Amino acid sequence: MATSKSSIATINPATGETLKTYEPLSDEALEEKIGRAADAFRSYRLTSPQERVGWLRAAADALEADTDAVAELMVTEMGKTLAAAKAEAGKCVTALRYYAEHGPAMLEPKLADAGAVGAEQAFLVHQPIGVVLAIMPWNFPLWQAMRFAAPALMAGNVGLLKHASNVPQTALYMEELFRKAGFPADVFQTLLIGSSTIERVLRDDRVAAATLTGSAPAGQSVASIAGDALKKTVLELGGSDPYIVMPSADLDRAAEVAVTARCQNNGQSCIAAKRFFVHADVAEEFTRLFAEKMGALVVGDPMEDGTQVGPLATESGREDVERYVQDAVDKGATVVVGGTRPDRAGWYYAPTLLTGITPEMDLYDEEVFGPVAALWTVDTLEEAIDIANSHPYGLGANLWSEDEQERSTFIRDVQSGMAFVNGMVTSYPELPFGGVKQSGYGRELTDLGMYEFMNAKTVWIGPRGSEQAQGDTASASE
Ligand SMILES: O=CCCCC(=O)O
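Residues numbered from 1 in each chain as written. Predicted model: local features only at pLDDT ≥ 70, side-chain atom pairs only at ≥ 80, totals over all residues. Heavy atoms only, no water.

K.L.:
Which residues make up the packing of helix H8 (residues 251-263) against helix H9 (residues 280-295), and what values do they have?
P.N.:
Relative orientation of the contacting elements H8 and H9 amounts to 50°, with a least axis distance of 9 Å. Considered as vectors, H8 and H9 are oriented oblique to each other. Here H8 and H9 pass one another in a crossing that is right-handed. Counted together, Leu-251, Asp-252, Ala-254, Ala-255, Glu-256, Ala-258, Val-259, Arg-262 and Cys-263 of H8 and Val-282, Glu-285, Phe-286, Leu-289, Phe-290, Lys-293 and Met-294 of H9 form the full contact between these two elements. Of the residues contributing to the contact of H8 with H9, the split by class is 11 nonpolar, no polar and 5 charged. (Axes fitted to C-alpha atoms, helices over the stretch in contact; angles between N-to-C directions. Helix = DSSP H or I, 4+ residues; strand = E, 2+ residues; numbered from the N terminus. Parallel < 35°, antiparallel > 145°, perpendicular 65-115°, else oblique. Left-handed = near helix turned anticlockwise from the far one by under 90°. Contact = heavy atoms within 4.5 Å. Nonpolar A, V, L, I, M, F, W, Y, C, P; charged D, E, K, R; others polar.)

Okay, structure coming up:
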């Protein structure tokens, strides 16, 4: 997890050119920022939900106005297409407005049965936990940080963002966005630090909790430090989502969505469909349609209209993808389409479809972070689910079928945090997001996401002058 001093930089993946570099915060500057966050929490937790709603709405309006500029920034820093970047900014606006609209109701006390516990009143209040460290990845540089920030700020928490080192300008933009929306000073700060400094922040007594979206090894590291310090974490780690196509599916539609599901964000999404399981009765036709549509994608400059797949975000990311494909080919996989690096500057990789996958191949049970689809032919839904479940990850899962029984079996048996039928796994501000197994734990978005970083405090208020009935434990000890 270590980064060198000069590794915080904007490097354009479409050209390989380093555009801007940043010095990491000094120890003193970091200390000061953590102190300011802790001070900010002392007063911010006392602000009213309605005040926070006003600031969230202002942030939504400001981001809407900034969409073109921040979208260009994201394209320049990590190579997603301009259209995808604008859509990402739009989703962040929706999330800010979602919490502005629904947040106050989520913060209302929840009444319990006071009579059953001999109380005059009994209820649950959700209170902010404090300063939360958000360790975020580069692939959705605005959205992943925003889906932490919007509920956290609505809850009355204070955020410290340690973003990926290749998206420093987007990270700084977020701090600026909340400042100009009118949030009190220091409730959301960006920390330009390398990964090796995370432990220090996480162990700081003034930091209450952490959320991480990133790789499984990063999750293990954060979870073990947080476990040692007894701090709450939410982990959203890798995924290798299955995409199962059964004979009753609308094959053309399933193939069209398969291409988007695999190649969205230039193939770099935890919830991208990565493993395709196709029933033998339709495998030939589906493979033909899928390959045709993958091969027709326009690969090119992410700033240009009409580009569907831009470069991978980093040179090492492309090398990893190439290694996975070469390893599979060496072990007998067939390249149906793609499998090459286009002959141009920048870290491009052609949309690729591989068949003939076997357990010896590295991509069988790892995650390929690029536009490479691996396709299996299966004889039954159960076979598809069994292979899907043998993977260590369990983030999302997709099924294409018109058969009610198959849908129920899939929803019951697939090991994932999200199951989508006749559509692709997508995050919505209105739905919980998260995984099981090595894909992490905890949920983001909706009320579940907000409560992850809140203390659910039980309140019992006794009737005046009456005696409190004791529970079994108290009676037994008498
Ligand atoms: O790498 C994780 C991708 C999350 C994408 C999304 O929330 O849409």
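What follows picks up the thread again.
K.L.:
Break down the side chain of Asn-389 for me, with residues and values.
P.N.:
Position of Asn-389 among the secondary structure elements: in helix H11 (residues 381-389). Here Asn-389 falls in the buried class, since its relative accessible area comes to 16%. (Buried < 20%, exposed > 50% of the residue type's maximum accessible area, 1.4 Å probe, protein only.)

K.L.:
Give me the lowdown on the sheet that holds strand E6 (residues 158-162), citing residues and values where you can.
P.N.:
The mixed open sheet is built from 6 strands, whose spatial order is E7-E6-E5-E8-E9-E19. Each of the sheet's edge strands pairs with one partner strand only, and the pair in question is strand E7 (188-190) and strand E19 (440-441). The pairing of strand E5 (residues 131-135) with strand E8 (residues 207-213) spans 5 bridges and is parallel. Opposite Ile-135, over in E8, you have Leu-212 as the bridge partner. Against the sheet, helix H5 (residues 168-180) contacts E6 and E7, and its axis sits at roughly 155° relative to E7. Against the sheet, helix H7 (residues 216-228) makes contact with E5, E8, strand E9 (232-236) and E19, and its axis sits at roughly 175° relative to E9, the strand it touches most. (Pairing = 2+ DSSP bridges.)

K.L.:
Got a sec to walk through the environment of Ala-328? Specific residues and values, please.
P.N.:
Assignment of secondary structure puts Ala-328 in helix H10 (residues 315-330). Sequence spacing of Ala-328 and Tyr-364 is 36 residues, and the spatial spacing of their C-alpha atoms is 8.9 Å. When neighbours within four sequence positions are excluded, Ala-328 is seen to be in contact with Ala-333, Leu-354, Met-361 and Leu-363.

K.L.:
I'd like a rundown of the packing of helix H4 (residues 143-155) against H5, residues and numbers included.
P.N.:
At their nearest, the axes of H4 and H5 sit 12 Å apart, and the two run at 30° to each other. Compared by their axis directions, H4 and H5 come out roughly parallel. At the point where H4 passes H5, the crossing takes the right-handed sense. Where H4 abuts H5, its residues Ala-145, Met-146, Ala-149 and Leu-153 lie against Met-174, Leu-177 and Phe-178. Considering only residue class, the contact of H4 with H5 consists of 7 nonpolar, no polar and no charged.

K.L.:
Mind laying out the layout of surface pockets, listing which residues take part and the relevant values?
P.N.:
The calculated volume of the largest pocket comes to roughly 1400 Å³. Lining the largest pocket are 48 residues, and of these Trp-138, Gly-214, Ser-215, Asp-320 and Phe-369 lie nearest its centre. The element best represented in the lining of the largest pocket is H10, accounting for 6 residues. The class makeup of the residues in the lining of the largest pocket is 23 nonpolar, 17 polar and 8 charged. There are two domains that each give the lining of the largest pocket at least three residues, and those are domain 1 (5-237 + 439-459) and domain 2 (241-421). Roughly 610 Å³ of volume is contained in the second largest pocket. What lines the second largest pocket is a set of 27 residues, among which Ala-84, Phe-140, Thr-260, Gln-264 and Asn-265 lie closest to the centre. Secondary-structure elements contributing two or more residues to the lining of the second largest pocket are helix H3 (82-106), H4 and H8. No other element matches H3, which puts 4 residues into the lining of the second largest pocket. (1 Å grid on protein atoms, 1.4 Å probe; cavity = no way out; pocket = protein on both sides within 12 Å on 5 of 7 lines; lining within 4 Å. Points joined across faces, edges and corners; volume = space filled by probe spheres on them. Domains from an automatic or database assignment.)

K.L.:
If you had to explain the packing of aromatic side chains to someone new, which residues and values would you point to?
P.N.:
If you walk through the whole model with that rule in mind, you get 13 aromatic pairs. Consider the rings of Phe-178 and Phe-188, whose centres lie 4.9 Å apart with planes at 55°: the pair is tilted. In this pair, Phe-178 is assigned in helix H5 and Phe-188 in strand E7, connecting sequence segments 10 residues apart. Here Phe-178 matches Phe-188 in class, with each residue buried. Each residue in the set Tyr-44, Trp-55, Phe-178, Phe-183 and Phe-188 is aromatic and connected to the rest through ring pairs, giving one cluster. Above the plane of the ring of Phe-433 lies Arg-147, whose end atom (NZ or CZ) is 4.1 Å from the centre. Arg-344 extends its terminal NZ or CZ atom over the ring of Tyr-348, reaching a point 4.3 Å from the ring centre. (Phe/Tyr/Trp six-rings, centres within 6.5 Å; stacked < 30°, edge-to-face > 60°. Lys NZ or Arg CZ within 6 Å of the ring centre and 35° of its normal.)

K.L.:
Describe empty space enclosed by the protein, with residues and values.
P.N.:
Enumeration over the complete set of coordinates arrives at 4 cavities of 30 Å³ or more. Forming the walls of the largest cavity are 14 residues, and the residues nearest its centre are Arg-147, Phe-148, Pro-151, Gly-449 and Phe-453. Considered class by class, the residues forming the lining of the largest cavity number 7 nonpolar, 3 polar and 4 charged.

K.L.:
Any details on the site of the ligand? Residues and values, ideally.
P.N.:
Every residue near the ligand is listed here: Lys-91, Asn-139, Phe-140, Trp-143, Gln-144, Arg-147, Ser-269, Cys-270, Ile-271, Ser-427 and Phe-433. Within the side chain of Asn-139, a nitrogen or oxygen atom sits 2.8 Å from an oxygen atom of the ligand. Note that an oxygen atom of the ligand is positioned 2.9 Å from one of the side-chain N or O atoms of Trp-143. More than half of the atoms belonging to the ligand lie within 2 Å of the grid points that define the second largest pocket. (Near = heavy atom within 4 Å. Polar contact = N/O pair within 3.5 Å; in protein donor to acceptor, adjacent residues only side chain to side chain. Sits in = over half its atoms within 2 Å of the grid points.)

K.L.:
Give a detailed account of the domain arrangement of the protein, specifying residues and quantitative values.
P.N.:
When its domains are assigned, the protein resolves into domain 1 (5-237 + 439-459) and domain 2 (241-421). A straight line from the C-alpha centre of domain 1 to that of domain 2 covers 30 Å. Facing 23 residues of domain 1, the contacting portion of domain 2 comprises 24 residues. Summing both sides of the interface, domain 1 and domain 2 together bury roughly 1800 Å²; the carbon and sulfur share of this comes to 61%. (Buried area = accessible area lost by both parts, 1.4 Å probe.)

K.L.:
Go over the pairing of strand E14 (residues 372-378), please, and point to the residues and values.
P.N.:
Buried residues dominate E14, accounting for 6 of its 7 residues. Two strands pair when backbone bridges link them, and strand E11 (residues 273-279) and E14 are joined in this way by 5 bridges, in the parallel orientation. Looking at E14, one finds that Phe-277 is bridged to Trp-376. When strand E13 (residues 352-355) meets E14, the two strands line up parallel, connected through 4 bridges. Across the sheet, Thr-352 pairs through a bridge with Val-372, a residue of E14.

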